[in-house]
Amino acid sequence: YLTAPEFGAHADGKGDDSAAIQAAIDKAANNAPEGIVFVAPGQYRLTRTVYVWPGVRVFGYGATRPTFVLAANTPGFQKGVGVMVMFTGGRPRTGGRGFRVPFPPVGSVPPNGAIADAGAGTFYSAMSNIDFEIGDGNPAAVAIRFHVAQHAYLSHMDFHIGSGLAALTEIGNEAEDLHFYGGRYGILTDKTSPAWQFTLIDSE
């Protein structure tokens, strides 16, 4: 639970919650290549990319949906592509000094050469019941890079893209009940991780 005192989440839309969310995701994946993070209602401000490791699912709960917020003019989201939440391949190895993957995915803020992209075995990753809001002055911002394989999904989410580039990019597997407002694009499609189809239903 992101509300646990050990993570120190603010949930007020002002304090930076990037580290708190990442710490909760890291802990969920510590004991097995799978885990669940529960996010309570509130406004969670991000200032950098948060990584969701394979097999981790992030669920909002409560009377109102939690919202991940990118404040106006957040540094790093003005040029190219800047991703708020990135679903990845394997978690970076520990202990390997200077370790770099051959082709890290584009969009990390700040750039991170240790992030591996998804492969055909990136299973079970998901996010549900969490909304996104992108403030003014972030023309390169993308809410989620969802490069995944089987048994992965996005569901029950509103994206207020505002000045941003798109809600989703590099999508995979399945998504449902998504609603897109503003922005330059709703979804930027590309080849999926296992080169199978992407299914989108009940969305607008």
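None of the values given here were measured: they were computed from a predicted structure. (Residues numbered from 1 in each chain as written. Predicted model: local features only at pLDDT ≥ 70, side-chain atom pairs only at ≥ 80, totals over all residues. Heavy atoms only, no water.)

Enquirer: Explanation requested: the pairing of strand 7 (residues 82-87) in the structure shown.
Expert: Consecutive side chains of a regular strand alternate in pointing toward one face of the sheet and then the other. Counting buried residues along strand 7, six of its six residues qualify, which places the element largely inside the surrounding structure. Strand direction decides the pairing type here: strand 4 (residues 50-52) and strand 7, joined by three bridges, are parallel. Counterpart to V50 in the pairing with strand 7 is V85. Looking at chain direction, strand 7 and strand 10 (residues 141-146) are connected through five bridges and run parallel. Across the sheet, G82 pairs through a bridge with A141, a residue of strand 10. (Buried < 20%, exposed > 50% of the residue type's maximum accessible area, 1.4 Å probe, protein only. Helix = DSSP H or I, 4+ residues; strand = E, 2+ residues; numbered from the N terminus. Pairing = 2+ DSSP bridges.)

Enquirer: Any chance you could explain the pairing of strand 5 (residues 56-60) here in plain terms?
Expert: Taken across its five residues, strand 5 has four buried, putting it largely inside the fold. Note: strand 2 (residues 35-39) against strand 5, five bridges, orientation parallel. Its bridge partner being in strand 5, G35 is matched across the sheet by V56. Across three bridges, the pairing between strand 5 and strand 8 (residues 126-128) is parallel. Counterpart to F59 in the pairing with strand 8 is S128.

Enquirer: Explanation requested: the environment of G60 in the structure shown.
Expert: By the secondary structure assignment, G60 is in strand 5. Under the relative-accessibility criterion, G60 is labelled buried at 12%. When the C-alpha atoms of G60 and G42 are compared, they prove to be 9.8 Å apart, with 18 residues separating the residues in sequence. When neighbours within four sequence positions are excluded, G60 is seen to be in contact with V39, P66, S128, N129 and I130. (Contact = heavy atoms within 4.5 Å.)

Enquirer: Just checking my understanding: could you explain the sheet that holds strand 12 (residues 166-169) for this structure?
Expert: Hydrogen bonds between backbone atoms are what pair the strands of a sheet, whose relative direction is either parallel or antiparallel. With parallel pairing, the five strands of this open sheet are ordered in space as 4-7-10-12-14. In the strand order of this sheet, the two ends are held by strand 4 and strand 14 (187-188), each with one partner.

Enquirer: Would you explain the nonpolar core in this entry?
Expert: In globular proteins that are soluble, nonpolar side chains generally tend to be buried together. Judged by nonpolar contacts, the single largest core of 52 residues is most densely connected at F68, V85, M127, F132, I144, L154 and F159. Beyond its immediate stretch of four places on either side in the chain, M127 contacts V58, F68, V85, F87, F132, I144, Y153, L154, S155 and M157. (Core = buried A, V, L, I, M, F, W, Y, C linked by side-chain atoms within 4.5 Å.)

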